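Structure at a glance
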Amino acid sequence: MIIISNQEIASDIYELTLQGELACLIKEAGQFINILISDKLFLRRPFSICAVNKSQKQLAILYQVVGEGTKILASKKAGDKIDVFGPLGKGFPLIDNVQEVLLVGGGIGVAPLYELAKQLHKRNVKVNTVLGFASKAKVVYESEFQRYGEVYIATIDGSYGFRGNVIELIETKKISFKLIYSCGPKAMLKALQEKYQHIKGYVSIEERMACGIGACYGCSCKPKDMSLPNFRVCKDGPVFELNEVII
Amino acid sequence: MLKLKLPGLNLKNPIIPASGCFGFGKEFSELYDLNILGALTTKAVTKLERNGNPTPRIAETDRGMLNSIGLQNPGVDNVIKNELSWLKKFKLPIIVNVAGSSIEEYVEVSKLIAKSNLVNALELNISCPNVKDGGIIFGTEAKIAYNLTKAVREKVDLPLYVKLSPNVSNIIEIAKAVELAGADGISLINTLIGMRLDLKTGKPVLANKIGGLSGPAIKPIAIKMVYEVYQNVDIPIIGMGGIQNAADVLEFMYAGASAVGIGSANFINPYICPEIIAELPQLLKDYGFNDIKEVIGYAHK
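Residues numbered from 1 in each chain as written. Chains lettered and ligands numbered in written order. Predicted model: local features only at pLDDT ≥ 70, side-chain atom pairs only at ≥ 80, totals over all residues. Heavy atoms only, no water.

Quick look at the sheet that holds strand β6 (residues 64–67) of chain B
All names here are of chain B. Filter applied, for reference: Two strands form a pair only when DSSP identifies at least two bridges running between them. Secondary structure elements are defined from DSSP: runs of H or I of at least 4 residues count as helices, runs of E of at least 2 residues count as strands, and each element is numbered from the N terminus. For helices, the fitted axis covers only the stretch in contact; all axes are lines through C-alpha atoms, and the angles between them, taken along N-to-C directions, range from 0 to 180 degrees.
Read across the open sheet, the four strands follow the order β5-β6-β12-β11; overall the sheet is antiparallel. Taken across any chain shown, the strands that pair with only one partner, and hence form the sheet edges, are β5 (58–61) and β11 (192–194). Going across the sheet, the axis of each strand differs from the next one's by a mean of 35°, ignoring polarity. Two strands pair when backbone bridges link them, and β5 and β6 are joined in this way by four bridges, in the antiparallel orientation.

Structural notes on the environment of B:Leu6
Residue and element names in this part refer to chain B. What counts here: Relative accessibility thresholds used throughout: buried, under 20% of the residue-type maximum; exposed, over 50%; partly exposed, between the two (1.4 Å probe, protein chains only). The criterion used for residue contact is that any of the two residues' heavy atoms lie within 4.5 Å.
For leucine 6, the location among the structural elements is in strand β1 (residues 4–6). According to the relative accessible area criterion, leucine 6 is buried, its value standing at 7%. Spatially, the C-alpha atom of leucine 6 lies 8.8 Å from that of aspartate 184, the residues being 178 residues apart in sequence. Sequence-distant contacts of leucine 6, defined by excluding residues within four places in its chain, comprise Leu11, Tyr161, Pro236, Ile238, Ser258 and Ala259.

Topic: unusual backbone geometry
Glycine aside, a negative phi is what most residues show, and trans is what most peptide bonds show. Residue A:Pro238 is reached from A:Gly237 by a cis peptide bond, and omega for that bond is 10°. Positionally, A:Pro238 belongs in the loop between β14 (231–232) and β15 (239–241). A cis amide bond links B:Thr55 to the next residue, B:Pro56, at an omega of 0°. Note on placement: B:Pro56 falls in the loop between β4 (40–41) and β5. One non-glycine residue, A:Tyr217, lies in positive phi territory at about 65°. Considering the arrangement of structural elements, one finds A:Tyr217 in the loop between β12 (200–204) and β13 (220–221). By relative accessible area, which is 12% here, A:Tyr217 ends up buried. A positive phi is found at B:Leu71, a non-glycine position, where the angle reads about 60°.

Brief notes about the packing of helix α2 (residues 76–87) of chain B against helix α3 (residues 103–116) of chain B
All names here are of chain B. Basically, it comes down to this: The cut-offs work like this: below 35 degrees is roughly parallel, past 145 is roughly antiparallel, 65 to 115 is roughly perpendicular, and the gaps in between are oblique. What makes a crossing left-handed is the near helix being turned counterclockwise from the far one by less than a right angle; a clockwise turn instead makes it right-handed. Residues are sorted three ways: Asp, Glu, Lys and Arg are charged, Ala, Val, Leu, Ile, Met, Phe, Trp, Tyr, Cys and Pro are nonpolar, and all the rest, Gly among them, are polar.
Where α2 contacts α3, the two axes come as close as 10 Å, and the packing angle between them is 25°. One way to sum up the angle between α2 and α3 is to call them roughly parallel. Regarding α2 and α3, the two cross each other, and that crossing is right-handed. Two secondary-structure elements touch here, α2 through Val76, Asp77, Ile80 and Leu84 and α3 through Val109, Leu112, Ile113 and Ser116. Among the residues making up the contact of α2 with α3, the classes are represented as six nonpolar, one polar and one charged.

Concerning the domain arrangement of chain A
Residues and elements named next belong to chain A. Our working definition: Boundaries of every domain are those given by an automatic assignment or by a domain database. By buried area we mean the combined loss of accessible area, with a 1.4 Å probe, across both parts when two parts are placed together. One speaks of a salt bridge when a side-chain nitrogen belonging to Lys or Arg is within 4 Å of a carboxyl oxygen belonging to Asp or Glu. Here a polar contact means two N or O atoms within 3.5 Å. Within protein one must be a hydrogen donor candidate and the other an acceptor candidate, and residues neighboring in sequence count only if both atoms are side-chain atoms.
According to the domain assignment, chain A contains domain 1 (2–88) and domain 2 (100–204). Once you take the C-alpha centre of each, domain 1 and domain 2 turn out to be 23 Å apart. Across the contact, 16 residues belong to domain 1 and 15 residues belong to domain 2. Surface buried jointly by domain 1 and domain 2 totals about 1300 Å² across both partners, of which 63% is contributed by carbon and sulfur atoms. For the domain 1 face of the interface with domain 2, the top three residues by lost area are Ala29, Cys50 and Leu62, together amounting to 35%. At the surface where domain 1 touches domain 2, the tally comes to zero salt bridges. At the boundary of domain 1 and domain 2, one finds seven residue pairs in polar contact (both at pLDDT 80 or more). Of all elements in the fold, only β1 (2–10), β2 (13–19), β4 (45–53) and β5 (58–64) reach the threshold of two or more residues within the side of domain 1 that touches domain 2. Per-element accounting of the side of domain 1 that touches domain 2 gives the leading share, five residues, to β4.

Side note on the packing of aromatic side chains
Residues and elements named next belong to chain A. Selection rule: Note on ring pairs: Phe, Tyr and Trp rings are taken, using the six-membered ring of Trp, and paired if centres are within 6.5 Å. Classes follow the plane angle, with under 30 degrees stacked, over 60 edge-to-face and the rest tilted.
Following the criterion strictly, the structure yields 16 aromatic pairs over all chains and no others. A centroid spacing of 5.5 Å and a plane angle of 80° characterise the contact between tyrosine 114 and phenylalanine 145, whose relative ring orientation is edge-to-face. Of the two residues, tyrosine 114 sits in helix α2 (residues 111–122) while phenylalanine 145 sits in helix α3 (residues 142–146), which places them 31 residues apart along the sequence. By relative accessible area, which is 0% here, phenylalanine 145 ends up buried. Centroid distance tyrosine 181 to tyrosine 202: 5.8 Å. Interplanar angle 25°. Geometry classified as stacked.

Some details on the interface of chain A and chain B
Contact with chain A, which involves 25 residues of that partner, is made by 33 residues of chain B. Of all residues in chain A, A:Phe42, A:Arg208 and A:Tyr217 give up the largest surface area on contact with chain B, accounting jointly for 32% of the area buried on that side. Taken together, chain A and chain B are joined by three salt bridges. In this structure, the salt-bridge partner of B:Glu27 is A:Arg232, at a minimum N-O distance of 2.7 Å. Inspection of the chain A/chain B interface yields 12 residue pairs in polar contact (both at pLDDT 80 or more). Tallied by class, the residues present in the side of chain A that touches chain B amount to 14 nonpolar, four polar and seven charged.

Comments concerning the sheet that holds β15(A)
Residues and elements named next belong to chain A. The strand order across the open sheet built from seven strands is β10-β9-β8-β7-β11-β12-β15, with neighbouring strands paired in mixed fashion. Strands with a single pairing partner mark the edges of an open sheet, and in this sheet they are β10 (162–163) and β15. Pairing of β12 with β15, which is carried by three bridges, proceeds in the antiparallel orientation. Each residue of the ladder has a partner; that of serine 204, found in β15, is valine 239. Along the sheet, α2 contacts β7 (100–106), β8 (126–133) and β11 (179–183); its crossing angle with β7, the most-contacted strand, is approximately 165°.

Topic: the side chain of A:Lys118
Residue and element names in this part refer to chain A. Within the secondary structure layout, lysine 118 lies in helix α2. Note on lysine 118: relative accessible area 18%, which makes it buried. What lysine 118 contacts, discounting residues up to four positions off in sequence, is Ala51, Val52 and Tyr148.

Comments concerning the nonpolar core
Applicable threshold: Among buried residues, the Ala, Val, Leu, Ile, Met, Phe, Trp, Tyr and Cys ones that are joined through side-chain atoms within 4.5 Å form a nonpolar core.
Of all hydrophobic cores here, the largest spans 145 residues; its most connected members are B:Leu84, B:Ile113 and B:Leu164. Considering each element in turn, this core owes the most residues, seven residues, to helix α9 (residues 272–286) of chain B. Both domains that furnish three or more residues to this core are identified here as domain 1 (2–88) and domain 2 (100–204) of chain A. Setting aside anything within four residues of it in sequence, one finds B:Leu84 in contact with B:Thr42, B:Val79, B:Ile94, B:Val96, B:Ile113, B:Ser116, B:Leu118 and B:Val119.

Points about helix α5 (residues 171–180) of chain B
Residue and element names in this part refer to chain B. Let me state the cut-off plainly: To be clear, the arc concerns the directions from the helix axis to the C-beta atoms.
Those residues of α5 that sit buried are Ile171, Ile174, Ala175, Ala177 and Val178. Angular distribution of buried residues about the axis of α5 spans 160°; they occupy a single face of the element. Among the residues of α5, the N-terminal cap falls to asparagine 170, whose side-chain oxygen and the backbone nitrogen of isoleucine 172 are separated by 3.1 Å. Looking at the residues trailing α5, positive phi occurs at glycine 182, about 110°.

This is the structure:
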């Protein structure tokens, strides 16, 4: 695919927009792409798709510079070509006859929720969003989510919005919901799972991957139902029902 | 010009996806027609279902990767019912990789697979570095490798390939032992044991601490072992370890491989096998060969 733009939108957090036929193959919000960032790196890197624009044949991802791969990715310029494989995985299902949902994103995990918010909005679903970040410097996509409903921001250090984590925010603000979609750090997803055992929801989880298509069994995770075989995050997920998987 | 015959295997070409890197073929069948492959080696199969090791199971390295999957598989009964039956529709020799925690388990799994009549050959995995009991312990001592191969040989008529571990002091000794025990071929090499540490936590990246190193980083070691084993046994060798392109295939075959396994390269380029198959005829011509068989052991001529 061709890089349309690659810009830093918060401290060490980038938005990368790519153009190519692949964008037209995306079926669901929550799917991901597997990028070969450089010849110097052996493996591809998986990134959740953040936004899709099929008429322009474009998609966007968000990434945080945390290691060698993302450092190289941040140095790429508009016009550069990049080797992308995908779209891969199962995304967030859209449920009929739902009027209102809650999206809960943590850090860079807000990415797949944005395309989901767009799709839910098209179906006239009210989208309330709770986003948690480490600090003000890491806050992204607040105004983007505001287009589709109410947005609440929590920062751990209290430098912006609510001081605390997303669950404390939900409890304090008494936000009620019947359907939840979430993506973020494992600790956050695990806490959501424990807190909202009886609520319908979906989570996108992250794991180190090799093939991205379900062949290598590298990104395995366990189902709560012990009689079932392991899930493969890349093929059976990355989106799972909130309470079907051990996080 | 790419056709070859190995015990139990009529190969259209020498390209065989290696065990553990291709599942049971389903995922790749969504990308291309599996019938173009030389053969297919399945993921390792054990008697009962295994869940494998905790995650992270994958760590990138310079020019390669570590994995510690830990033989996750649905167990032999499910593999026969759901995977091997499904593979039957392809005109493709199927090699099933067999693993276990005891010689009895290897024999039992091999017998069940042979009885299914769905496969062309077995690959005995006596070299998995990622499980505590079994796997590699059968492949690091010549006497045990001999006993295991012989025990399966006595109960099963299918052609037997034995996949050897490079984590040994004398690969020739092990190769000769499995040949003597009745192996029809040797697969060389499985992964090398390695470790990576996370600089922030100070701990190993893999939950299992150690894993098997694969990728181009191990290719020179694999070439050397194929070269040496070729000089010391009369049974064919399926060479593998870091192959990324048609030139690598040629190098392995020069060293003595009769066919090759393509492993972790499938993860980076899922179309690598068909691409190599397409490139091979021209590469053979470029080096003055008219048939793939001329290349086998060329380094020794």
